[in-house]
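Geometric and topological summary
Residue strings, one per chain:
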Amino acid sequence: MPTCRHLILLLGDQLSPTLSSLSGADPARDVILMAEVMAEATYVRHHKLKIAFIFSAMRHFAEELREQGFTVRYTRLDEAGNTGSLRGELRRAAEALRPEAVIVTEPGEWRVLDDMKGWRQLLACPVEIRPDTRFLCSHREFRAWAEGRRDLTMEFFYREMRRKTGLLMEGDQPMGGRWNFDTENRKPAAPDLLRPKRKNVTPDAITREVLALVEDRFSDHIGRLDRFGFAVTRRQAEELQDAFIANHLAQFGETQDAMLSGDPFLNHALLSFYINIGFLDPLAVCRAAERAYLEGEAPINAVEGFIRQIIGWREYVRGVYWLKMPDYVASNFFDAHRPLPDFFWTGETDMACLSTVIGETIDHAYAHHIQRLMVTGNFALIAGLHPHQVHEWYLEVYADAYEWVELPNVIGMSLFADGGLLGTKPYAASGNYISKMSDYCSGCRYDVKKKTGEGACPFNALYWDFLDRNGDKLSGNRRLAQPYATWRRMSEAQRQDYRATAARFLEKLDAGERV
Ligand code: FAD
Ligand code: DLZ
Ligand code: SF4
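Computed from a prediction, not measured in an experiment: that's the story for all the values here. (Residues numbered from 1 in each chain as written. Chains lettered and ligands numbered in written order. Predicted model: local features only at pLDDT ≥ 70, side-chain atom pairs only at ≥ 80, totals over all residues. Heavy atoms only, no water.)

For the rest of this paragraph, the subject is helix H2 (residues 48-67). Between its terminal C-alpha atoms H2 stretches 29 Å, which fits the 28 Å expected from 20 residues at 1.5 Å a residue. Taken across its 20 residues, H2 has 17 buried, putting it largely inside the fold. (Helix = DSSP H or I, 4+ residues; strand = E, 2+ residues; numbered from the N terminus. Expected span 1.5 Å × (residues − 1). Buried < 20%, exposed > 50% of the residue type's maximum accessible area, 1.4 Å probe, protein only.)

This part is about the site of ligand 1. By nearness alone, 28 residues border ligand 1, and His-268, Ala-269, Leu-270, Asn-276 and Tyr-366 come closest of all. Within the backbone of Ser-272, an N or O atom sits 3.0 Å from an oxygen atom of ligand 1. Asn-276 has a polar side-chain atom sitting 2.9 Å from an oxygen atom of ligand 1. Coverage of ligand 1 by the protein amounts to 99% of the 820 Å² it exposes when considered alone. Because more than half of its atoms lie within 2 Å of the grid, ligand 1 is assigned to the largest cavity. Where the shell around ligand 1 is concerned, the elements lending two or more residues are helix H11 (272-277), helix H13 (300-324), helix H16 (369-382) and helix H18 (403-414). Per-element tally for the shell around ligand 1: the top contributor is H18, with 6 residues. The class makeup of the residues in the shell around ligand 1 is 16 nonpolar, 8 polar and 4 charged. Here the shell around ligand 1 spans two domains, and each of domain 2 (139-195 + 248-324) and domain 3 (343-510) adds at least three residues to it. (Near = heavy atom within 4 Å. Polar contact = N/O pair within 3.5 Å; in protein donor to acceptor, adjacent residues only side chain to side chain. Areas by Shrake-Rupley, 256 points an atom, 1.4 Å probe, with all protein chains shown as cover. 1 Å grid on protein atoms, 1.4 Å probe; cavity = no way out; pocket = protein on both sides within 12 Å on 5 of 7 lines; lining within 4 Å. Sits in = over half its atoms within 2 Å of the grid points. Nonpolar A, V, L, I, M, F, W, Y, C, P; charged D, E, K, R; others polar. Domains from an automatic or database assignment.)

The amide bond that connects Met-325 to the next residue, Pro-326, takes the cis arrangement and shows omega of 10 degrees. In this fold, Pro-326 is placed in the loop between H13 and helix H14 (343-346). Located in the positive-phi region is Ala-365, a residue other than glycine, with phi close to 55 degrees. Mapped onto the secondary structure, Ala-365 falls in the loop between helix H15 (352-364) and H16. The phi torsion at Phe-416 lies on the positive side, around 55 degrees, for a residue other than glycine. Tracing the backbone through its elements, the reader meets Phe-416 in the loop between H18 and helix H19 (431-437).

A separate point is the pattern of salt bridges. Following the criterion strictly, the structure yields 36 salt bridges and no others. A salt bridge links Asp-350 to Arg-445, with the shortest nitrogen-to-oxygen separation between them at 2.8 Å. Within this pair, whereas Asp-350 is found in the loop between H14 and H15, its partner Arg-445 is found in the loop between H19 and helix H20 (458-469), the two being separated by 95 residues in sequence. The class for Arg-445 is partly exposed, based on a relative accessible area of 43%. Residue Asp-350 is joined to Arg-514 by a salt bridge in which the shortest nitrogen-to-oxygen separation is 2.8 Å. Of this pair, Asp-350 sits in the loop between H14 and H15 while Arg-514 sits in the segment after helix H23 (492-510); the two residues are 164 residues apart in sequence, bridging distant segments of the chain. (Salt bridge = Lys/Arg side-chain N within 4 Å of Asp/Glu carboxyl O.)

Dropping the structure here:
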């Protein structure tokens, strides 16, 4: 005789009361299964903060469900008998509870979905995989949008999402008369002592227990736990959302692309962690931002820019991921093979931009978009680092990283390893961009103004060397016509100088010398 009707498996990034697998759930007849498992914590070696955040959020969410009357079967990582994998825990629970059916919401990673498809054979009952309705755009809708298009320009997808949601719309026209206010969002920033400080959530007893567990079991993973300040309940995440809208949204646009030493967060939302695990509903976050605009509390450039990231980029990269997987993960358009340098794990490099961004990543499991794209990503691109190693690094070190969102951002947007499916040109830049958008260069051993030779900023020679090395693949790209024209106008001696400077730098890098 079955001892429960449905066994509902919730994953660590499925902590939403509105989750499709919970729809129709009956506390009297159904059992919810949640499991902390080694396989999920180590398939890449996640940052300690990320593991602690997810485990604590899972434990708090299980409590919330119990308060609603649900029976939650929760496996802790250190519990005796923990099989170490999702399928193992599901089988153990199914053998004990003999459900009529297992219900799950589709996962955010292809590898888990692939495994799930074999669960029917594993269990003595049917497995129902429901769509993840927390996204605005279903797989079917995205496929229909993408079908027959020569290029998948995000901007056009974004306009569809604006129309679909009605966000910042007046009838069928965009509020403010334009769809996109990005030209107003590219300013550098100055230190601002009056910028409101971020609220850290003080760890409670549940989190403290998790922190001790993570320190004990994952001591060799990257990161430190002493600054743990993540929200671990939905209520806490909502408070952080409200604080962002009240204190930072108005300035979000103008400092969006800026980078400042000692101010890793600027006016960014720091909400991706909570949106991605399901504590915050993306549409509700956007509606709250829209309200701030309508009430005159934040300007259109900030609010439009913020909403575009969520209903535009976030939905779009998910669409691309499911459209292109499983082959997408092996993309390597430039045939880049250089291994990831050790300093990606320690921040120990003389390049101040990289040591700052990697150091902040180690401290917070966070870096903002331009740091990820134009510092670490740009370096990986122009130094020819292997896309798969770069992808795994991003998946490990950021607390908001799940493959559906991380992979297209890394493989597509940052490394152009998909050959231009997601972006129209690679985001390659010399030191000049970093110098313009940050204060990093003033504290650097290298000279950003020096183009070649000893002491020159490595980004300068690597940038030209990258264009030169990949001329056969890129010189026909209309958006790169100007840099290629500049390269051709240089004297052969100058071009050789760039090539030689880049080669010397890459030799040192390959030899494991400090750079
Ligand atoms: P804000 O800059 O304040 O933006 C607001 C929200 O918009 C974010 O919370 C996020 O939900 C959404 N958003 C913004 N940009 C993107 C984007 N490009 N793709 C998807 N959503 C976006 N984002 C992740 O959530 N997980 C990742 O693993 C991840 N990896 C990235 C790797 C690279 C190389 C790059 C260039 C970007 C990556 N991003 C990733 C996108 C973006 O950098 C983060 O979403 C953002 O930095 C999160 O911080 P925030 O909440 O302060 O965002
Ligand atoms: C990231 C993560 C980690 C570190 N640990 C767990 C876990 O122990 N149990 C779990 O259910 N989920 C975990 N997750 C999140 C999953 O890896 C995530 O659900 C899949 O990658 C699909 O997005
Ligand atoms: Fe980075 Fe070059 Fe500036 Fe140094 S000089 S911080 S390496 S961009």
